[in-house]
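Coordinate inspection notes
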Amino acid sequence: MTSAQNPQAKTLSVVVPAYNEEDVLETFHARLAAVLTDLSLDSEVLYVNDGSEDRTLEILARLRGEDARVGVVNLSRNFGKEIALTAGIDHAVGDLVVLIDADLQDPPELIPDLVSLLQEQEADVVYAQRIEREGETWFKKATASAFYRLMRHVGEVPIPPNTGDFRVMNRRAVEGVKTLRERHRFMKGILTWVGFKQVALPYRRAPREAGETKWNYWKLWNFALDGVTSATISPLRISSYVGAVIAGLAFIYGIWVIIRTLAFGDPVQGWPSLAVIVLFLGGMQLLVLGLIGEYLGRLFNESKFRPLYLLDQVAPSSLGTAAAESAKRPTLASPPERPLSVG
Ligand code: UDP
Ligand code: MG
């Protein structure tokens, strides 16, 4: 059961995080502006300057002077792409919101296709899915695919492979994303978590136009680690199982040492007692660590303060409708307003 989404969508916000993008911004904006002019929606372009050290802010200010559709959100320092995107989403007012990189790897020309697929399919999210990774090394491709496979196994919600942040979302998906305020923001996980109807649009991703990628392998590794650790507590879970197994083996071996000593005596003076003490203490420590890990995992999940669920739609029963009706009627707590009558 899905209701017709987006027929009333009239405005579009394009959110563009930019960190040291002076080399491409003008080309990017020219291409984006041409696309938006042809679109039947009123649009705004929200650039988020993520603490750039180059002339990015200067260029953005000039673009805003030349094009009334441009808005600039200037962060106080470099917070990273995930936070920059969040800041942009928070400030976007459009019925539809597009997320796109400034470096022209996500072609702005794809935006009309994203939007029309969203409307055609009555979807809530249409994400662009790369067919091919041009200009990327086999190592990057292999590590990326391994990452998605891992995430499919450990994650709570499977993240679609070869998908970046390039997408269009409708208002209710955006509002859903806005309810997830965790500090360690793994955007792909967050964007997928909200659910609703998400549709893929395959496209060819171009190599970076100009400037340099801000990602190196160390950053990518940390990004993957963030992805795994923020999507799931399974690393913690695995370590508590490993702890429990080792502790079990230690106890069994300890008992074996005791039995052997009782049966065959104690040829190396003091070794059996020492071994048993060490094995017992080591095993106990691992078990207790696992226990602490379990609580830590729960605490971690609670600390994200995520909503428990987002609603697509509720169709109440007649009882439910009646209850909702009577909830509107005045109750003891809020009596009907009428003039006081004495006597
Ligand atoms: N970006 C950002 N803050 C950062 C790093 C990147 O806002 O700390 C922006 C950057 O300007 C670009 C987008 O995020 O618009 C993607 O960055 P990049 O091209 O370096 O990443 P890649 O395409 O290699 O994943
Ligand atoms: Mg890029």
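Structure's up top.
Given the structure is predicted, the values throughout are model-derived calculations rather than measurements.

Burial along strand β4 (residues 96-99) is two-sided: L96 and V98 and V97 and L99, pointing in opposite directions, are all buried. The pairing of strand β1 (residues 11-18) with β4 spans four bridges and is classified as parallel. Across the sheet, S13 pairs through a bridge with V97, a residue of β4. Summarising the sheet, β4 and strand β6 (residues 163-170) pair through four bridges and their orientation is antiparallel. Its bridge partner lying in β6, V98 is registered against V168.

Core analysis: the largest hydrophobic core is formed by 37 residues, its most contacted members being L12, V14, Y47, I111, V126 and F166. Excluding anything up to four places from it in sequence, V14 contacts L32, L36, E44, V45, L46, V98 and I100. By size, the runner-up hydrophobic cluster in this structure holds 23 residues, among which are V48, A92, M169 and V177.

Every protein donor of the magnesium ion (ligand 2) is accounted for by D103 (OD) and Q105 (OE1), and the metal-donor separations fall at 1.9 Å. On the basis of relative accessibility, which here comes to 4%, the residue D103 falls in the buried class.

Here we take up the pattern of salt bridges. Taken as a whole, this structure holds 15 salt bridges when the rule is applied. Where E22 meets R55, a salt bridge forms, and the shortest distance between an N and an O atom there is 3.5 Å. Separated by 33 residues along the polypeptide, E22 in the loop between β1 and α1 (25-38) and R55 in the loop between β2 (42-49) and α2 (56-66) bring together distant segments of the chain. With relative accessibility at 39%, the residue R55 sits in the partly exposed group. Salt-bridge contacts for R62 lead to E66; the nearest nitrogen and oxygen are separated by 3.8 Å. Of this pair, R62 and E66 are both found in helix α2, four residues apart, which corresponds to roughly one turn of the helix. Look at the salt bridges and you will find they share partners, linking E22, R55 and E58 into a network.

Calculation criteria
Every chain is numbered independently, its residues counted from 1 as its sequence is written. Lettering for chains starts from A, numbering for ligands starts from 1, and both go in the order in which the items are written. Whole-chain, interface and lining totals are the exception, using all residues; otherwise, since this is a predicted model, local features are given only for residues with pLDDT of at least 70 and side-chain atom pairs are given and counted only at 80 or more. Excluded from the side-chain calculation are hydrogens and water; included are all heavy atoms of the structure. A simple rule labels every residue: compare its accessible area, found with a 1.4 Å probe on the protein chains alone, to the largest value its type can have, and call it buried under 20%, exposed over 50%, or partly exposed in between. In this description a helix means any DSSP run of H or I spanning at least four residues, a strand means any run of E spanning at least two, and both kinds are numbered starting from the N terminus. Here, strands pair whenever DSSP counts at least two bridges between them. Grouping buried Ala, Val, Leu, Ile, Met, Phe, Trp, Tyr and Cys residues that are joined through side-chain atoms within 4.5 Å yields what is termed a nonpolar core. In what follows, a contact means two residues having at least one pair of non-hydrogen atoms within 4.5 Å. Distances define the donors: N, O and S atoms within 2.8 Å of the metal qualify, as do those within 3.2 Å of Na, K or Ca. Water is excluded, so some sites may look unfinished. Salt bridges are identified by distance alone: a Lys or Arg side-chain nitrogen within 4 Å of an Asp or Glu carboxyl oxygen.

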